[in-house]
Amino acid sequence: MASGSQLEAIKRAKVLMVGAGGIGCELLKTLALSGFQDIHIIDMDTIEVSNLNRQFLFRQSHVGQSKAKVARDAVLKFRPHISITPYHANVKDPEFNVEFFKQFNVVLNGLDNLDARRHVNRLCLAAEVPLVESGTTGFLGQVTVHVKGKTECYECQPKPTPKTYPVCTITSTPSKFVHCIVWAKDLLFAKLFGDKNQENDLDVRPSDGTNSTNPTENVFERRADEDPEQYGRKIYDHVFGYNIEVALANEETWKNRNKPRPVYVRDVFPDKLILQNGSLEKNCVTEESAVSAMSSLGLKNPQDIWSLAENSRIFLEALRLFIEKRQKDIGNLTFDKDDQLAVEFVTAAANIRASSFGIPLHSLFEAKGIAGNIVHAVATTNAIIAGLIVIEAIKVLQSDFQNYRMTYCLEHPSRKMLLMPVQPFEANKSCYVCSETPLLLEINTRTSKLRDFVEKIVNNKLGMNLPLIMHGSTLIFEAGDDLEEDVAANYALNLDKALAELPAPVTSGTVLTVEDLQQELSCNINIKHREEFDEEKEPDGMLLSGWVAPTEKDARLVSNGESTSAAQLAEKSDEDGIAPARSGTKRKQSEMSEMIDNIDDMKPCSSLDIGDQLNPQEVEDNDDDDDDIVMLDENPGPSKRKKLQ
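Residues numbered from 1 in each chain as written. Predicted model: local features only at pLDDT ≥ 70, side-chain atom pairs only at ≥ 80, totals over all residues. Heavy atoms only, no water.

An unreviewed UniProt entry annotates the chain as SUMO-activating enzyme subunit of Phoenix dactylifera. Looking at the chain in UniProt, the text filed under Subunit (unreviewed entry) is "Heterodimer." Per its UniProt entry, the chain bears the Pathway (unreviewed entry) comment "Protein modification; protein sumoylation." (UniProt positions renumbered as here; feature names shortened; annotations may be inferred.)

Engineer: Please clarify how the nonpolar core should be interpreted in this entry.
Structural biologist: Most often, soluble globular proteins keep nonpolar side chains buried together rather than apart. Counting residues in each nonpolar core, the largest one holds 59 residues, and the members touching the most others are Trp183, Leu188, Phe315 and Phe345. Looking at this core, the elements that each hand over two or more residues are helix H7 (177–193), helix H8 (228–248), helix H9 (265–268), helix H11 (293–297), helix H12 (308–325), helix H13 (340–356) and helix H14 (364–371). It is H7 that contributes the most residues to this core, 12 residues altogether. Setting aside anything within four residues of it in sequence, one finds Phe345 in contact with Leu188, Phe189, Leu192, Phe193, Phe315, Ala318, Leu319 and Phe322. If you look at the next biggest cluster of nonpolar residues, it comprises 44 residues, including Ala20, Ala32, Val75 and Leu388. (Core = buried A, V, L, I, M, F, W, Y, C linked by side-chain atoms within 4.5 Å. Buried < 20%, exposed > 50% of the residue type's maximum accessible area, 1.4 Å probe, protein only. Helix = DSSP H or I, 4+ residues; strand = E, 2+ residues; numbered from the N terminus. Contact = heavy atoms within 4.5 Å.)

Engineer: Can you walk me through the side chain of Thr30 in this structure?
Structural biologist: In this structure, Thr30 sits in helix H2 (residues 22–33). A relative accessible area of 16% means that Thr30 is categorised as buried. Other than its neighbours up to four places away in sequence, Thr30 contacts Ala386, Gly387 and Val390.

Engineer: Would you mind going over the packing of H2 against helix H15 (residues 379–397) with me for this structure?
Structural biologist: Contact pair H2 / H15: the axes reach a minimum separation of 8 Å and the direction vectors enclose 50°. Between H2 and H15, the angle falls in the class oblique. The two elements H2 and H15 meet at a crossing, and its hand is right-handed. For the pair H2 and H15, contact is made by Gly22, Ile23, Glu26, Leu27, Thr30 and Leu31 and by Ala379, Asn382, Ala383, Ile385, Ala386, Gly387, Ile389 and Val390, respectively. The residue inventory of the contact of H2 with H15, partitioned by class, reads 9 nonpolar, 4 polar and 1 charged. (Axes fitted to C-alpha atoms, helices over the stretch in contact; angles between N-to-C directions. Parallel < 35°, antiparallel > 145°, perpendicular 65-115°, else oblique. Left-handed = near helix turned anticlockwise from the far one by under 90°. Nonpolar A, V, L, I, M, F, W, Y, C, P; charged D, E, K, R; others polar.)

Engineer: How should the packing of aromatic side chains be read in this particular structure?
Structural biologist: When we look at a pair of aromatic rings, we describe it by the centre distance and by the angle of the planes. Within the structure shown, the criterion is met by 19 aromatic pairs. Between Trp254 and Phe357, the aromatic rings sit 6.4 Å apart at their centres with planes inclined by 45°, giving tilted as the arrangement. You can see Trp254 sitting in the loop between H8 and H9 and its partner Phe357 sitting in the loop between H13 and H14, a full 103 residues away along the chain. Residue classification places Trp254 among the buried positions, given a relative accessible area of 5%. In this structure an aromatic cluster arises from ring pairing among Trp183, Phe189, Phe193, Tyr236, Phe240, Phe315, Phe322, Phe335 and Phe345. For Lys191, the ring lying beneath its charged end belongs to Phe220, and the centroid distance is 5.9 Å. (Phe/Tyr/Trp six-rings, centres within 6.5 Å; stacked < 30°, edge-to-face > 60°. Lys NZ or Arg CZ within 6 Å of the ring centre and 35° of its normal.)

The structure is reproduced here in structure tokens:
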């Protein structure tokens, strides 16, 4: 039962929620039932069928409508006298500026991507409004509190970055199933169904078996005299047969690797079955949204692992269905995890390639999770995290700083605890966001263009949306829709110049100032010229440093069982719903290490109702380099931090 002072703080509060998805639905319900009277919600998404299993405020009839607006209407049915203001918009839109954020007493995040989280963090810092962050991934979850001048900000610790795979690994030497998924999704699917003008690393030269009279013909172009079955077999033989043979010709590559096996249609099917492919059209559902190669071929269970022959039939059938049923989409498609036919095609292509390279095959269910960066959401975790968000929000509203807690929801109990409370940490003195620490960029100033710097560093690494770049008093770049045409044209010309060739040359020793006026964020970057980079370890061709975790000596355990590097078990009252840790009790090192490791292992989970993704940075597939393909593969190790005293 809330005390009188808590109820008064709740009733007076004006709260901003960002995100109305898996966590957001639970959070809005909990806020309303807890007595909050003035709630604002921002969410740019519309409701999809895949949301309905866990976002309980939505129904089938709401599909296609605004999440924020439908969530508001649903809650007002059982709390009609409170004020809920929905915004069907992107939190990064200009209207949601620092002045907008200043009107709120606390901001509660239920987002599903890193870029938006960083943006909200910076606006909260500039507006000096407390932020309660949250994330879930499967059975794991976390709630963290960020108050300017009192705790670390959301960006004080580096977040997991997408795993970058050199393109040669994807195209020539895959060793994991994720490599095959990336190849099938970002190269083959894009080549066949995406923008024809976009550069792609797939070999387009025809093999001897194409019967082409033009040796310069693009094998991916369908000839006028080719029916869909002939075209499908040509593509199959080219990418799974001919291209593998070309790769095998390089003996040096395979000295210390297992050689792949070329696969041709004739190797998989007898002639009579080749002719039967696609003959089951009568079983297809005609509605475009329901077109499915699995349905066409009578395969029902997405958790079955298909044989090579079944994968090959799915591949050929999916390609035929795209041509015959969705011709108007070809040329404009990008992979969508909710597009059944696209998932079937990518699964089959990845499995055929995996078979060739001796990699275990996966089911469509598993492949879809990898391709869409999906960790299947658990509604109960979302509900637990939403409750913890409200608990921390009430403490923030009462300025109960001493009792702020960051809480982690664990998959397996440690010391009979599934909820692990941790004292907030001090701000990282090397954080460029809240401590204004200069950064160091090693880059080849003679060959790297300003465009590379803007896209790879300013946009992707620093998360700035409308950057302004200064060299001393000279403005060398500015982004924005309100620029005059001649000014914008001059900046566009600068983008394609090497850094050392800019009107104000950027060379070793130069200090660049980068600002984002919308986020009210500014940082200085010291430039150091470097000639060469390791393509495998430094695929961006540049290295940003200076934003690192503190380096104080790590004291894993102290006499009362507290950890200064990962978590401090804090006493909690029963009304918080978190089991208390007995003060002064010594724990065995093995027990404490297990608890710490549990926290360390899930600590970087910064997304994550991943079922709602996007596209996760955070957990998002992010192609930040034309020469690299990026997938989130694993979390980095834990960092060392200093808890508040």
